[in-house]
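# Notes for the structure review
Read off the chains here:
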Amino acid sequence: MGKTYEHIDDRLRKFIESQPVFFTATAPLAADGHVNVSPKGRSGTLVVLDELTLAYLDFGGSTAETLAHLRENGRITLMWCAFEGPPTVLRVHGRGEPVFRDDPRFAGLLGHFRPEADGAGLRAVVLVTAERVSDSCGFAVPYLDYRSDRELHAQHFGRKSDEEFRAYCEGKPYVGTSLDGLPALPMPLPPRPV
């Protein structure tokens, strides 16, 4: 039976931090806009900052729908599934905000992540403030064996200088503007702060 929580307590934090993958869901306000669901899974790229606040690193490599939706309306849901252990699905419904490279908070937020989690291709840090925390049974979620992170993304963008990454973002469709024409990643992408 599902339960709603007032905040992310230590038990929920441990559950969140032990899952190798999580999902984000966002949508534009327009009724005919594209709903977006994205898997996220590089180790150490999500942190629980306090009982109601989480942050994750947003990397390039695909479109920027999540960033566009958050800039437009801020609605976001994060979801984790237990692929081993007790069957659980956890959702955090809340408000999200992308913190871009030129935001004075960017460098300070990076300090909450393990240094090895940060890497080439970083576009933004997404802050999420929880408005509803709930779980449900994961009875239908299959057991899956986690072997390791895939290294392809880090290797691909690790071969690019920051200037090359910025040019990549500017040349890729649906990064500066979403599928629905909403502003997404601000262009030109500012250099990474040093």
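One can find the structure itself at the top, above this paragraph.
Bear in mind the structure is a predicted one, so any value in this text is a computation, not a measurement.

Thresholds applied
- Residues numbered from 1 in each chain as written.
- Predicted model: local features only at pLDDT ≥ 70, side-chain atom pairs only at ≥ 80, totals over all residues.
- Heavy atoms only, no water.
- Helix = DSSP H or I, 4+ residues; strand = E, 2+ residues; numbered from the N terminus.
- Contact = heavy atoms within 4.5 Å.
- Disulfide = S-S within 2.5 Å.
- Buried < 20%, exposed > 50% of the residue type's maximum accessible area, 1.4 Å probe, protein only.
- Pairing = 2+ DSSP bridges.
- Phe/Tyr/Trp six-rings, centres within 6.5 Å; stacked < 30°, edge-to-face > 60°.
- Polar contact = N/O pair within 3.5 Å; in protein donor to acceptor, adjacent residues only side chain to side chain.

## Focus: the environment of glycine 60
The residue glycine 60 is located in the loop between strand 5 (53-59) and helix 2 (65-72) in this model. Those residues in contact with glycine 60, other than ones at most four positions away along the chain, are Gly121, Arg123, His153, Phe157 and Phe165.

## Brief notes about the state of the cysteines
Overall, the coordinates contain 0 disulfides when judged by the stated rule. Not part of a disulfide, cysteine 81 finds its nearest cysteine sulfur in cysteine 137, a span of 11 Å.

## Let's talk about helix 2
Most of helix 2 sits out of view: 6 of its 8 residues are buried. Buried within helix 2 we find Glu65, Thr66, Leu67, Ala68, His69 and Leu70. Buried residues in helix 2 make contact with strand 2 (22-26), strand 3 (36-40), strand 5, strand 6 (75-81), strand 7 (88-100) and strand 8 (122-137).

## Describing the pairing of strand 4 (residues 46-50)
Note: strand 4 against strand 5, 4 bridges, orientation antiparallel. What sits directly across from valine 48, in strand 5, is leucine 54. The hairpin turn running from strand 4 into strand 5, its antiparallel successor, is 2 residues long.

## Some points on the side chain of threonine 53
Examined against the element boundaries, threonine 53 turns out to sit in strand 5. Under the relative-accessibility criterion, threonine 53 is labelled buried at 16%. Not counting the four nearest positions on each side in its chain, threonine 53 is found in contact with Val47, Val48, Leu127 and Val128.

## Focus on the packing of aromatic side chains
As enumerated under the stated definition, the model contains 5 aromatic pairs in all. Look at phenylalanine 157 and tyrosine 168: their rings are 5.3 Å apart centre to centre, the planes differ by 75°, and that puts the pair in the edge-to-face class. Here phenylalanine 157 is found in helix 4 (residues 152-158), whereas its partner tyrosine 168 is found in helix 5 (residues 162-171), with 11 residues between them in sequence. Residue class for phenylalanine 157 comes out buried when judged on its relative accessible area of 3%. The exposure class assigned to tyrosine 168 is partly exposed, which follows from its relative accessible area of 23%. Ring geometry for phenylalanine 165 and tyrosine 168: centres 6.2 Å apart, planes at 20°, overall stacked.

## A word on the side chain of arginine 101
Along the chain, arginine 101 turns up in the loop between strand 7 and helix 3 (106-110). Here arginine 101 falls in the buried class, since its relative accessible area comes to 3%. A polar contact of 2.7 Å, which involves the side chain of arginine 101, links it to the side chain of aspartate 162. For arginine 101, the side chain forms a polar contact with the main-chain oxygen of proline 190, separated by 2.8 Å. Residues within four places of arginine 101 in sequence aside, it is in contact with Phe106, Leu122, Arg123, Asp162, Phe165, Arg166, Leu189, Pro190, Pro191, Arg192 and Pro193.

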